[in-house]
Protein chains: 2
Amino acid sequence: MKVSLGTRLDELAEEQLVAILRQAYPTGAHPTEVADDDAAVATIARGSRLVTSTDLLVEHEDFVLPEFTPYDVGWKTAAVNLSDIAAMGARPTGLLMTLGIPRDRTVADLVGWGRGVRDAVATLAPGVSVWGGDLSASRLVISAATSTGEVEIPVTRAGAEPGDVVAYAGRLGFAAAGLRILLGERAGDPDLRGLERTGTIREAIDAQLRPRPPIALGAAAAVAGVHALIDVSDGLARDGARLARSSGVTLDLVSGALAGRCADLGWARHTLNIDPWELVMAGGEDYGLLAVFAPDARPPEGFEVLGAVVERGEHGVLLSGRPTEYLGFDHFAGR
Amino acid sequence: MKVSLGTRLDELAEEQLVAILRQAYPTGAHPTEVADDDAAVATIARGSRLVTSTDLLVEHEDFVLPEFTPYDVGWKTAAVNLSDIAAMGARPTGLLMTLGIPRDRTVADLVGWGRGVRDAVATLAPGVSVWGGDLSASRLVISAATSTGEVEIPVTRAGAEPGDVVAYAGRLGFAAAGLRILLGERAGDPDLRGLERTGTIREAIDAQLRPRPPIALGAAAAVAGVHALIDVSDGLARDGARLARSSGVTLDLVSGALAGRCADLGWARHTLNIDPWELVMAGGEDYGLLAVFAPDARPPEGFEVLGAVVERGEHGVLLSGRPTEYLGFDHFAGR
């Protein structure tokens, strides 16, 4: 479509909006050395490479209360932000944490949020320093993070080559299933009445509330010579296609390698009336790492091979050689 | 008062709330080397010192629409954030800019905000790189920034010594006067009907919408051997008292040195029914730099001497030797 100054923002994809903003920005004296990637990378004092990323989570858009406790919001904000640093093959070093919160909330909410941040760091990225942040009164709960990291040679989305191996570390589809349960319960969905939160159902809810990105595997993959990396925030199909587009290739995933993951979410078919394949291929917010290795490389423990890189074709991602209709999530358009 | 988990947040001062959060946070492997200051400072790769700061501006709390255009919001967010880096005596290097915006706003709003960021950087801190940021749909307009900077030896709030000279670079009271005009007009205040936006009235409104912190003077003051620095965001009295408390001294400001600044805002007495001294001493958001130099130092051009450092007494800030009742602004309690 033709974009004009009067175009409503929800008529455009998030990536178009970001491109519009980028045009306005000055490159300055320390320009980012990567484009359209998970985090920025710039060479600063003494030739060190600084990796930076920032994330904003807003009530009603990225989480709902009280299904998310303040603890969950703090945990998730830190976790998703650190995930971007890992996706550059970098080691996270520091975090700045920002909270906007209504004046009539209590000290318990503040403490809960801070403990969520603390526990996410201790669990996912021990050694990272929380340097401070900002605190503001706000009508909505707003939770934001900026993280920094260090890296010798950043791993972008752009290095995949035909013949390479596609691997993944983390869950797939769990966080999206968890979100559907939480929103369904909130809406009083009769199919969810009396749902027991056990086994993989509980795991799905936990994955939505307190994601566990494999932060250390980012730097470990870099040491193992990974060719390309991305964290899967918007679904395997969409983020896989982003990596494929950046690299100028197509990813061919083997359906057999994903079948077990779909079986784990088999209950979603009757409980949530959704195809587990949709969850595994398009469900966002699992924040696993999608990595592409040379065929003779040895992926670090925690990565599972899902397929191979082939020459660029019409599609970014194939499933056993065939196009997939799974699209994943666009934050802005909300679809 | 006694603080419990059930205490409402607006019963506490912002600094108490921040102290509660700090207790929860891990110091990690790269701890910040300054406490309770304008920005964090940590030693990272190759021994370089990284300065970081983040600011959140939220609709209804930090700005109102349409009195603030998207351009103004972008400008102000970048400007106030860069000001924190300057207040450590550091040179800013990079910015991450975050916008939360309702889906039904248009591309013009997005572009306006981005241009405000661009022009603030070009005007106040040319050479700073905008590395990216985050963009999210939100029911409220949210604008946030994180900036990084570099410094050899950070300038804290804690170095002032009795006998030193107190100097200031920037406006005082203008931004607070501008806010009162904007809010008064919005409320239909009859005293403001037909107010001509000329001279210092226009300057006051501009100071509120698009503050101009003297970013380069932070690093210049460091080169000149400044002993202590703070940026004045919450008013001269309050931020002066912060610097005084950190240094264990009292600042004695000379009323004659501030009289001219009060005269510039003389119109506020009848137009806004407010004492210009209240604006100059307690008006926030001017984002000038309050600096303390050794008596034989030569403050860089742009600084004006306002008084002297004396032994710590009962008060943080005196006005010609006498206590002042001006308090300045607490963001959280909103008073």
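The structure we're discussing is the one just above.
Residues numbered from 1 in each chain as written. Chains lettered and ligands numbered in written order. Predicted model: local features only at pLDDT ≥ 70, side-chain atom pairs only at ≥ 80, totals over all residues. Heavy atoms only, no water.

A.B. asks: I tried to follow the sheet that holds strand β9 (residues 288-293) of chain A on my own but got confused; where do I start?
C.D. replies: Note on sheets: strands pair through backbone hydrogen bonds, and any given pair is parallel or antiparallel. Residues and elements named next belong to chain A. Spatial ordering of the open sheet is given by β7-β9-β6-β10-β8-β11-β12, a layout of 7 strands whose pairing is mixed. Each edge of the open sheet is held by one strand with a lone partner, namely β7 (228-232) and β12 (322-323). Sheet analysis places strand β11 (residues 317-319) next to β12, joined by 2 bridges and oriented antiparallel. Across the sheet, the residue bridging to L319 is R322, located in β12. On the sheet, helix α7 (residues 236-247) packs against β7, β8 (249-253), β9, β10 (304-311) and β11 and is oriented at approximately 155° with respect to β7. (Pairing = 2+ DSSP bridges. Helix = DSSP H or I, 4+ residues; strand = E, 2+ residues; numbered from the N terminus. Contact = heavy atoms within 4.5 Å. Axes fitted to C-alpha atoms, helices over the stretch in contact; angles between N-to-C directions.)

A.B. asks: Can you help me understand helix α8 (residues 255-264) of chain A in this one?
C.D. replies: Structurally, the α-helix is built with 3.6 residues per turn, so residues lying three or four positions apart point the same way. Residues and elements named next belong to chain A. Listed in full, the buried residues belonging to α8 are L258, R261 and C262. Here the buried residues of α8 occupy an arc of 105° about the axis, which is enough to place them on one side. Facing away from the buried side of α8 by over 90 degrees, the exposed positions are G256 and A263. (Buried < 20%, exposed > 50% of the residue type's maximum accessible area, 1.4 Å probe, protein only. Arc of directions from axis to C-beta.)

A.B. asks: I keep staring at the relation of the copies chain A and chain B and nothing clicks. Help me out?
C.D. replies: For the match of chain A to chain B, the screw axis carries a shift of 0.0 Å, the RMSD comes to 0.0 Å, and the turn is 180°. Classification of the inter-copy transformation places it as that of a two-fold axis. A shared interface surface links the copies, since 100% of the contact residues of chain A are contact residues in chain B too. (Least-squares fit on C-alpha atoms with pLDDT ≥ 70 in both.)

A.B. asks: I tried to follow the sheet that holds strand β2 (residues 49-58) of chain A on my own but got confused; where do I start?
C.D. replies: Residue and element names in this part refer to chain A. One open sheet accounts for 5 strands, arranged β1-β2-β5-β3-β4; its pairing is mixed. The sheet terminates laterally at β1 (40-43) and β4 (129-137), the two strands that pair on one side only. In this sheet, neighbouring strand axes are inclined to one another by 20° on average, regardless of whether the strands run parallel or antiparallel. Looking at chain direction, β1 and β2 are connected through 4 bridges and run antiparallel. Paired with A42 across the strands is L50, a residue of β2. Lying over the sheet, helix α2 (residues 70-86) contacts β2, β3 (91-101) and β5 (142-150), oriented at roughly 145° with respect to β2.

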